[in-house]
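Reading the structure
What follows is the residue order along each chain.
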Amino acid sequence: MINGIWLGMILIGFVFAAVNGRMDAFTGAVFDGAKNGVTVSFGLISVLVFWMGIMRVAEDAGLLKKIARVLGPIVSFLFPDVPKGHPAIGYILSNMSANLLGLGNAATPMGIKAMQELQTLNPDKETATPAMCTLLALNTASITLIPATLIAIRLNYGSADPAAIVGTTLAATAVATLAAVAADRLCRRMALLRKPPGPPPAVRPVHSALPHSSVKG
Amino acid sequence: MFQLISLISAWAIPVMITFIPLYAFTRKVPVYESFVEGAKDGFGTAIAIIPHLVGMLVAISVFRASGALDFLMSFISPALKGIGVPPEVLPLGLLRPLTGTGSLAYTTDLISVHGPDSLIGMIASTIQGSTDTTLYVLTVYFGAVGIRNGRYALRVGLFSDIVGFIAAIAVCLLVFG
């Protein structure tokens, strides 16, 4: 799917640039995009280096295992394939709490660290495991308690009540997260069904199939 | 409640950065050496993301600059107007999963033009705040560990974006409409 989207965007872009006579813009956009990619990655260096250092200290102190033991049961139903007390659980929890608090630049390194831990459990290093997909689903929906950036922007433009969007954002993000978790569960189960060597999956009747197939393609 | 959460947000990072090393020190961890050892991984991880991010951002940038995105928006806008949704917010639904900075810029523009407390301003803020940039998250997280086959992850992410977009509009119409 990612191959299709990538090629599709470039192809459609080419056709539109040809029709609109924007070939110069096309070329400019290629190099702007490439430059942006490098700039963003470089921006990540400082954050990643710092947080991965702090996270190593936490790991060496046994803090992550402790968190995983105490709060693990809360997330273990989302990540049934990750062994109890595995450090991945600690990173997943840190990632989720950073997201909740709207600490984007802390959430990303912790999420990446969680991915790296999940990768150690992965038999096929190039294919995502169900646990990785669940972690990704949680992060794309990114449940947030306080949308701090938006509040700051609204304040800047003289809003009478900058925080008025906190409630609506929370409601929308909760719905999106629920949808992500439900769709993830459904896909995980369908992937299990498709794979013959797996244990006989005990499939409960899935309530009215989610309309996710319409998003395919 | 709001004050409490902002207070926790403001304190979270300083508290973590102070108390994680302190706790580790009491457990006889050589804190500085341990920090440097872990921090080494950060650089390599950031560098590993570059090819993924460059590839994805080039495609998105081309798609926008060629006018394809504008065309898609002009195509869908009239349909939304019919059900009482301000068509101005629609492009945000398309931009949000693709580019974080692009959709933030668009939201800021909507807020400055229509006012932060207008219905459009409220909906735009809610959409922007309620989901993350799916393609970016996917590229960075999978890129960092070298996953090439993401299975159904993209489908799930985009599905939740659509649900979140609809939910944001519905909630705002209900509360502020």
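Residues numbered from 1 in each chain as written. Chains lettered and ligands numbered in written order. Predicted model: local features only at pLDDT ≥ 70, side-chain atom pairs only at ≥ 80, totals over all residues. Heavy atoms only, no water.

Looking up chain A in an unreviewed UniProt entry gives the name Nucleoside recognition protein, with the organism given as Paenibacillus helianthi.

Thoughts on the overall build of chain A
For chain A, the helix and strand inventory stands at eight helices and zero strands. Sequence-ordered secondary structure for chain A, helices as α and strands as β, is α-α-α-α-α-α-α-α. The buried share of chain A, taken over its 217 residues, is 47%. The long-range share in chain A, meaning contacts at least 24 apart out of those at least 6 apart in sequence, stands at 57%. For chain A, the exposed surface amounts to about 10400 Å²; the carbon and sulfur share of it is 67%. (Helix = DSSP H or I, 4+ residues; strand = E, 2+ residues; numbered from the N terminus. Buried < 20%, exposed > 50% of the residue type's maximum accessible area, 1.4 Å probe, protein only. Contact = heavy atoms within 4.5 Å. Areas by Shrake-Rupley, 256 points an atom, 1.4 Å probe, with all protein chains shown as cover.)

Topic: the interface of chain B and chain A
Between chain B and chain A, the contact holds 97 residues from the first and 108 residues from the second. Of the roughly 8500 Å² buried between chain B and chain A, counting both surfaces, carbon and sulfur atoms make up 77%. Taken together, the connections running from chain B to chain A amount to three salt bridges. Remark: the boundary between chain B and chain A carries 24 residue pairs in polar contact (both at pLDDT 80 or more). Secondary-structure elements contributing two or more residues to the side of chain B that touches chain A are helix 1 (2-26), helix 2 (31-65), helix 3 (68-81), helix 5 (100-114), helix 6 (119-130), helix 7 (134-145) and helix 8 (153-176) of chain B. Examining the composition of the side of chain B that touches chain A, we find that 26 residues originate from one element, helix 2 of chain B, more than from any other. Tallied by class, residues from the side of chain B that touches chain A come to 61 nonpolar, 27 polar and nine charged. (Buried area = accessible area lost by both parts, 1.4 Å probe. Salt bridge = Lys/Arg side-chain N within 4 Å of Asp/Glu carboxyl O. Polar contact = N/O pair within 3.5 Å; in protein donor to acceptor, adjacent residues only side chain to side chain. Nonpolar A, V, L, I, M, F, W, Y, C, P; charged D, E, K, R; others polar.)

Details of the packing of aromatic side chains
All names here are of chain A. In total, this model carries four aromatic pairs over all chains according to the counting rule given. Where Phe-14 meets Phe-26, the ring centres are 6.2 Å apart and the plane angle is 90 degrees; that geometry is what we call edge-to-face. Here Phe-26 lies in helix 2 (residues 23-60) and Phe-14 lies in helix 1 (residues 2-20), a separation of 12 residues in the sequence. (Phe/Tyr/Trp six-rings, centres within 6.5 Å; stacked < 30°, edge-to-face > 60°.)

Concerning the environment of Tyr-91 of chain A
Relative to the helices and strands, Tyr-91 of chain A resides in helix 4 (residues 87-100). If sequence neighbours within four positions are ignored, Tyr-91 of chain A has contacts with Met-55, Glu-59, Leu-64, Met-110, Lys-113, Ala-114 and Glu-117 of chain A.

Regarding the side chain of Ser-66 of chain B
Along the chain, Ser-66 of chain B turns up in the loop between helix 2 and helix 3. Since its relative accessible area comes to 0%, Ser-66 of chain B is described here as buried. A polar contact is formed between the side chain of Ser-66 of chain B and the backbone nitrogen of Ala-68 of chain B, at a distance of 3.3 Å. With sequence-adjacent residues up to four places away left out, Ser-66 of chain B is seen in contact with Gly-13, Phe-16, Ala-17, Asn-20 and Arg-22 of chain A.

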